[in-house]
Amino acid sequence: MRGFYPDVYAYNYQPFNKLILPLERWSASVFADAALDARTSVFIRALGSRYTAETALAPTPAPTDLNPLYPGLAVRGFTIPVTNPFIPPDLAELLASRRGDSPALASAGPDEEFIYLFRAVQLGARTSANTAKSGQVLGGVRRDFDHDWRAEAYLSYGRYERDERQGGLLSVRRFEQLLDSPSGGADLCEGGFNPFAGTLSESCRDFLAVEARYSTRVEQANAVASASGPLFRLPAGPVLAVVGAEYRRVAYRFTPPLGLSPGEIAGFIPLTAVRGSIRFADLFAEVSAPLLAGRPLAKALDLTLGYRRSDERTTGAVDSFKAELGWSPVAELKIRAAAQRAVRAPDIFERFEPPISDFRTASDPCSADNPARSAQVLALCRAQATALGFAPADTDAFEQFEDVGVTLSGDPDVQPEKATTWTLGAVWRPAWESDWIGGFTATVDAYDIEVKGAIGYRDPQLILNACYNIGGAGNPDFDPANAACRQIGRSSVDFSIFDIASPEANQSRLETSGVDFAVGFRTDLSALGGRAWLGRLD
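Residues numbered from 1 in each chain as written. Predicted model: local features only at pLDDT ≥ 70, side-chain atom pairs only at ≥ 80, totals over all residues. Heavy atoms only, no water.

Caption draft 1: A look at the packing of aromatic side chains. As enumerated under the stated definition, the model contains twelve aromatic pairs in all. With 5.0 Å between their ring centres and 70° between their planes, Tyr252 and Phe349 make a pair best called edge-to-face. Of this pair, Tyr252 sits in strand β10 (residues 237–255) while Phe349 sits in helix α4 (residues 348–352), placing them 97 residues apart in sequence. When its relative accessible area of 8% is taken as the criterion, Tyr252 is described as buried. Taking the centre distance of 5.3 Å and the plane angle of 80° together, the rings of Phe398 and Phe495 count as edge-to-face. You can see Phe398 sitting in the loop between α5 (375–388) and β17 (403–409) and its partner Phe495 sitting in the loop between β21 (488–490) and β22 (497–506), a full 97 residues away along the chain. Linked through ring pairs, Phe78, Tyr116, Phe118, Phe175 and Phe193 together constitute an aromatic cluster. Stacked on the ring of Phe43, the Lys or Arg Arg142 has its end atom at 4.3 Å from the ring centre. Over the aromatic face of Phe495 sits the side chain of Arg490, whose NZ or CZ is 4.4 Å from the ring centroid. (Phe/Tyr/Trp six-rings, centres within 6.5 Å; stacked < 30°, edge-to-face > 60°. Helix = DSSP H or I, 4+ residues; strand = E, 2+ residues; numbered from the N terminus. Buried < 20%, exposed > 50% of the residue type's maximum accessible area, 1.4 Å probe, protein only. Lys NZ or Arg CZ within 6 Å of the ring centre and 35° of its normal.)

Spelled out as structure tokens, the structure:
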């Protein structure tokens, strides 16, 4: 790898990473139907599965989150005091020449502790062994009534459970104890730890290694009842209707290891405990009416109307509806148009996803290379730096990487998103057939979709723009106490952005439009080639 960007690709992950995961899966299902009488039948469905899978990644880079021993200071690394007995002479000379002061680190100048990063090769690969079980039971009844009406009702319950055991993890707190020990850690485990050699004795490996167990559980219960049949008859045919009601509940629970909070261990992405549930009660109806049939330039003209009212215990009731019109001037051609108002409630993860540290691309107005850094913006940046313990001028040459630290999470208060869709299209199915081209179908559809309150992670750039009044709105007084500025967390080590809260939120609006084309046909290769085994090409 030396010839390919050695400053970037400095570590070979491939000997550890599993490209093909060991997987074992068992599944079983039962389907039963029974007729109670000529009009009534019952049905039962039961499905279950269990699988185990293992994965492995390269040894953990540590720490994988902010150092928990420096709460609120955003120290992304371990710290080593200058009293560590393993510091080599040349590094000691370099450390003694320092004159600056990082507010987050102990002491200052030549006596200030320094940042250290570590890859725990001695602990082996990070491993994840997963056991997942899922099952569903459904039971219901159907009954036929007079005048071609039919009713159906069923209850269902499903559950998913996953148990994950993670290995190859490193205790951040214990590793910091080794680095801070005056004896180099020899008082904690055999031989201590030389951070500049990187080797660990078996005693030290046992002292640092952590195994963690996480569990996830999702449950869903449904109750649905519906009835369908003809309402009355028009000259072109019967008007068909469907009416029904539905209740569903989804519950989610994630349980991390007891006593281990994010940042305490280095390995996989740290997660916090979370639980929650959502419940819906719906009413729905749909009517399909043939307006014309068998007329000149009106082989068929159909209208479909639909409506659903969904009531969720947190977000309240919302309405969705649709209208669809289909016109066939001749048998081979159908022109279709539709207007729809759709509503999507936030799912269980958009509500209750646990906080996860991540990075997003954003432009920091405090960065020296940002053209938006005006004199007023720079004054605000200096005020923020002073509050963290920096000298005001320390920000003048500050440059932020393209990515900023964010915390992604769900939001229990996120509201449903609403979409308005318009479509217009045509379907052509010519009557002619041949061995080369059979079952020919061509479709074209134009669409226009507008989504209001679209659900997505809040864009960190919007928070930055509001804090630093980019665009002239958000913080006209350039006040450090502005609400947007309070959502930005900066490191007391280097002033970089380590955290912007990015929960799920309702965005303002999304719009898209376009045209879809599709062509389909089959070629009978067996007929063309005179060999049955050639089959056909679709």
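Caption draft 2: Looking closely at helix α6 (residues 460–467). Burial in α6 covers these residues: Pro460, Gln461, Ile463, Leu464 and Cys467. Down the axis, α6 shows its buried residues gathered within 160° of arc, on one side only. Turning to α6, the residues buried within the fold contact β16 (356–361), α5, β17, β21 and β22. (Arc of directions from axis to C-beta. Contact = heavy atoms within 4.5 Å.)

Caption draft 3: Layout of the confidence of the model for the protein. The predicted model of the protein averages 89 in pLDDT, with 97% of residues at 70 or higher. Per-element averaging of pLDDT across the protein places helix α7 (residues 525–529) at the bottom with 76 and strand β18 (residues 417–428) at the top with 96. Predicted confidence for residues 1–8 stays below pLDDT 50, and this span has two contacts to residues more than four positions away or in other chains. (pLDDT = per-residue confidence, 0-100.)

Caption draft 4: Geometry of the environment of Ala221. Turning to its location among the elements, Ala221 is positioned in strand β9 (residues 209–234). Given a relative accessible area of 28%, Ala221 falls into the partly exposed group. As for Ala221 and Tyr468, which are separated by 247 residues in sequence, their C-alpha atoms are 47 Å apart. Discounting residues that sit within four places of it in the chain, Ala221 has contacts with Ser156, Tyr157, Tyr247, Arg248 and Arg249.

Caption draft 5: View of the pattern of salt bridges. Evaluation of the coordinates by the stated rule reveals 30 salt bridges. With a closest N to O distance of 3.4 Å, Arg45 and Asp33 form a salt bridge. Here Arg45 is found in strand β2 (residues 40–57), whereas its partner Asp33 is found in strand β1 (residues 23–35), with twelve residues between them in sequence. Asp33 gets classed as exposed once you look at its relative accessible area, which sits at 53%. Across the salt bridge formed by Arg344 and Glu417, the nearest N and O atoms sit 2.8 Å from each other. (Salt bridge = Lys/Arg side-chain N within 4 Å of Asp/Glu carboxyl O.)

Caption draft 6: Representation of α5. The end-to-end C-alpha distance of α5 is 20 Å, a good match for the 20 Å that 14 residues give at a rise of 1.5 Å each. Of the surrounding secondary structure, the elements contacted by the buried residues of α5 are α6 and β21. Where α5 ends, the next residue or the one after it, Gly389, has phi of about 105°, a positive value. (Expected span 1.5 Å × (residues − 1).)

Caption draft 7: Highlighting the state of the cysteines. The tally for this structure, following the rule as stated, stands at three disulfides. Each disulfide pairs two cysteine sulfurs, and for Cys189 the partner residue is Cys204, the sulfurs being separated by 1.9 Å. One disulfide, between Cys189 and Cys204, carries an S-S torsion of 85° and so falls in the right-handed class. Within this pair, whereas Cys189 is found in the loop between α2 (172–180) and α3 (202–208), its partner Cys204 is found in helix α3, the two being separated by 15 residues in sequence. Of the two residues, Cys189 and Cys204, both sit in the buried class. (Disulfide = S-S within 2.5 Å.)

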